[in-house]
Amino acid sequence: MTSIPAILDEIRQKMACAEDRGKAASYIPELASADLQKFAISVCLPNGEQWSTGDSRTPFSIQSVSKVFTLAIALGRYGESLWRRVGREPTTKAFNSSQELEVRKGIPANPFVNAGAIVTTDMVLKGASPAEALGGILQFLRVAASEEDIHINRDIAASEKMTGHKNWALAHLLSAYGNLDHSCELTLGTYFHQCAIEMSCEELARSGRFLAGFGKKDDLVRQSSVKRINALMLTCGHYNGSGEFAYRVGIPAKSGVGGAILAIVPGKASIAVWSPGLDEYGNSLLGTAALEELSNRMEWSVF
Ligand code: DON
């Protein structure tokens, strides 16, 4: 059988030849200028081994992948009562759509669309300053990834704040429906900084180990939360492209507009891929293709 490093390298070479590399996110200059040739993949195994290829130590903006970690923190703090403020249903609308939020009367469809993540951030902010809440999210990531040097790119956070008109609209709608405990300014300020966290592919793969069930049980989050977060990643982690992703790749995963995807094979692997070109849903085009290839070659699927 071909070894994992050899398979990863073959996938990297195949992706290097791809002509359609997708389009970089265009809403902020820091993401618009991304080099579409960049590609990395990293895999953590239960025995502690980690295999990587490509630009696996280059930091990138994790963007919406951060929503997994705020959900984990919020679930740990609030348990089931979290679901009074956020739904658990997939959506056919774009990740930043306000349409569904109106129809659902201020209860976002799920914690991974922007409106849902703004609510989980608002919950994590309760009883803390934005700096303390962000410090808590960073600390969670540092423990999860076994890496001290995880930081926020303040230029990206500032750009998000300037251009995030749809997020401002979502926050105001949430506020109008009584689903924000803080001002739009405070909650969104925290949300924009959380999206601007930078990590490398190797760090991101390590940060998913708790979701793959590696390490001591109930270490970072309860076992019951691990099951729930993975279920939401599978059904909602790629927004209105979640069905297509589940069909092709067959494992729970969460994408971000920076081009990263964190993917979990329960009990078997925590995987991160990074390729900044996106498909029409805002998910990494080659990242998805690489995960499809890897899941096929390794027979890694939850089905
Ligand atoms: O709030 C936003 O729109 C961005 N900071 C994050 C969106 C995102 O990553 C969507 N994922 N593919």
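The rules we used
- The residue numbering used here restarts from 1 in each chain and proceeds along that chain's sequence as written.
- Local features in this predicted model are restricted to residues whose pLDDT is 70 or higher, and side-chain atom pairs enter the listing and the counts only when it is 80 or higher, whereas totals over whole chains, interfaces and linings include all residues.
- An automatic or database domain assignment supplies the residue ranges for each domain.
- Placing C-beta atoms from the backbone, we regard two residues as in contact once those atoms come within 7 Å.
- Put simply, DSSP H or I for four residues or longer makes a helix, DSSP E for two residues or longer makes a strand, and each gets a number counted from the N terminus.
- Here exposure depends only on C-beta density: within 10 Å of a residue's C-beta, 20 or more other C-beta atoms make it buried, 12 or fewer make it exposed, and intermediate numbers make it partly exposed, the C-beta atoms being placed from the backbone.
- The nonpolar core criterion groups buried Ala, Val, Leu, Ile, Met, Phe, Trp, Tyr and Cys residues into a set whenever they are joined through C-beta atoms within 7 Å.
- What makes two strands pair is DSSP finding at least two bridges between them.
- UniProt positions are given in the numbering used here, feature names are shortened, and annotations may be inferred rather than shown by experiment.
- Each helix should span, by expectation, one fewer than its residue count multiplied by 1.5 Å.
- It is the directions from the helix axis to the C-beta atoms that the arc portrays.

Chemist: Which parts of the structure should I look at to understand the domain arrangement of the protein?
Modeler: Under the domain assignment used here, the protein contains domain 1 (4-60 + 200-298) and domain 2 (64-197). Relative placement of domain 1 and domain 2: their C-alpha centres are 21 Å apart. At the interface, 29 residues of domain 1 touch 31 residues of domain 2. Elements represented by at least two residues in the side of domain 1 that touches domain 2 include exactly α2 (29-32), α10 (201-207), α12 (223-236), β6 (253-255) and β7 (260-265). When residues of the side of domain 1 that touches domain 2 are assigned to their parent elements, the largest contribution, seven residues, is made by α12.

Chemist: How do you make sense of unusual backbone geometry when you look at a structure like this?
Modeler: Working note: non-glycine residues mostly have negative phi, and peptide bonds are mostly trans. The phi torsion at Lys 105 lies on the positive side, around 50 degrees, for a residue other than glycine. As for its placement among the helices and strands, Lys 105 is situated in the loop between α4 (99-103) and α5 (114-125). Judged by the 10 C-beta atoms lying within 10 Å of it, Lys 105 is exposed. Of note in this structure, Glu 299 is not a glycine but carries a positive phi near 55 degrees. Of note, Glu 299 is situated in the segment after α14 (285-298). In this structure Glu 299 comes out as exposed when scored by C-beta crowding, with 8 C-beta atoms within 10 Å.

Chemist: Is there a simple way to explain the nonpolar core in this structure?
Modeler: Formed by 97 residues in total, the largest nonpolar core has its most connected members in Ala 253 and Val 273. When residues are assigned to domains, this core turns out to be shared by domain 1 (4-60 + 200-298) and domain 2 (64-197), each giving three or more.

Chemist: How should the sheet that holds strand β3 (residues 60-61) be read in this particular structure?
Modeler: Strands pair in a sheet through their backbones, by hydrogen bonds, and they do so in one of two ways: parallel or antiparallel. Strand order in this open sheet of three strands is β3-β5-β4, and the pairing throughout is antiparallel. Single-partner strands in this sheet number two, and they are β3 and β4 (151-152). One ladder, built from two bridges, connects β3 with strand β5 (residues 197-199); its direction is antiparallel. Bridge pairing links Phe 60 to Met 199 in β5.

Chemist: How should I be thinking about the UniProt feature "binding site: substrate" (unreviewed entry) in the protein in this particular structure?
Modeler: Listed under "binding site: substrate" (unreviewed entry) in the UniProt record, and renumbered for this structure, are Ser 64, Asn 114, Glu 160, Asn 167, Tyr 191, Tyr 239 and Val 257. Residue classification places Ser 64 among the buried positions, given that 25 C-beta atoms sit within 10 Å. Discounting residues that sit within four places of it in the chain, Ser 64 has contacts with Phe 95, Phe 112, Cys 195, Lys 254, Ser 255, Gly 256 and Val 257. Relative to the helices and strands, Asn 167 is located in helix α8 (residues 165-176). According to the C-beta neighbour criterion, Asn 167 is buried, with 23 such atoms within 10 Å.

Chemist: Would you explain helix α1 (residues 4-16) in this entry?
Modeler: Since there are 3.6 residues in each turn of an α-helix, residues three or four apart along the chain are aligned in direction. Compared with the 18 Å implied by 1.5 Å per residue over 13 residues, the 18 Å span of α1 between its first and last C-alpha is a close match. Within α1, the full set of buried residues consists of Leu 8, Ile 11 and Met 15. On an axial view of α1, the arc spanned by its buried residues comes to 60 degrees, and they lie on one face. What points out from α1, more than 90 degrees from its buried face, is the exposed set Ala 6, Gln 13 and Ala 16. Considering only its buried residues, α1 is in contact with β1 (40-44), β2 (50-54) and α14.

Chemist: Explanation requested: the pairing of β1 in the structure shown.
Modeler: Both faces of the sheet carry side chains from a regular strand, because those side chains alternate between them. Among the five residues that make up β1, five are buried, leaving the element largely enclosed by the rest of the structure. Residues Ala 40, Ser 42 and Cys 44 point to one face of β1 and Ile 41 and Val 43 to the other, with burial holding for every one of them. Of the pairings in the sheet, the one linking β1 to β2 comprises five bridges and is antiparallel in character. In the sheet register, Ala 40 faces β2, and the bridge partner there is Gly 54. Where β1 hands over to β2, the hairpin turn is made up of five residues, of which Gly 48 adopts a positive phi near 95 degrees. By the bridge criterion, five bridges tie β1 to strand β8 (residues 269-274) in an arrangement that is antiparallel. Across the sheet, residue Ala 40 finds its bridge partner in β8, namely Trp 274.

Chemist: Before we go on, may I ask you to explain helix α7 (residues 154-163) in this structure?
Modeler: Those residues of α7 that sit buried are Ile 156, Ala 157 and Glu 160. Projection of α7 onto a plane perpendicular to its axis shows the buried side chains occupying an angular sector of 100 degrees, all on one side. Summarising the geometry of α7, the exposed residues directed more than 90 degrees from the buried face are Arg 154, Asp 155 and Met 162. Tucked inside the fold, the buried residues of α7 contact α2, β3, β4 and α9 (184-195).

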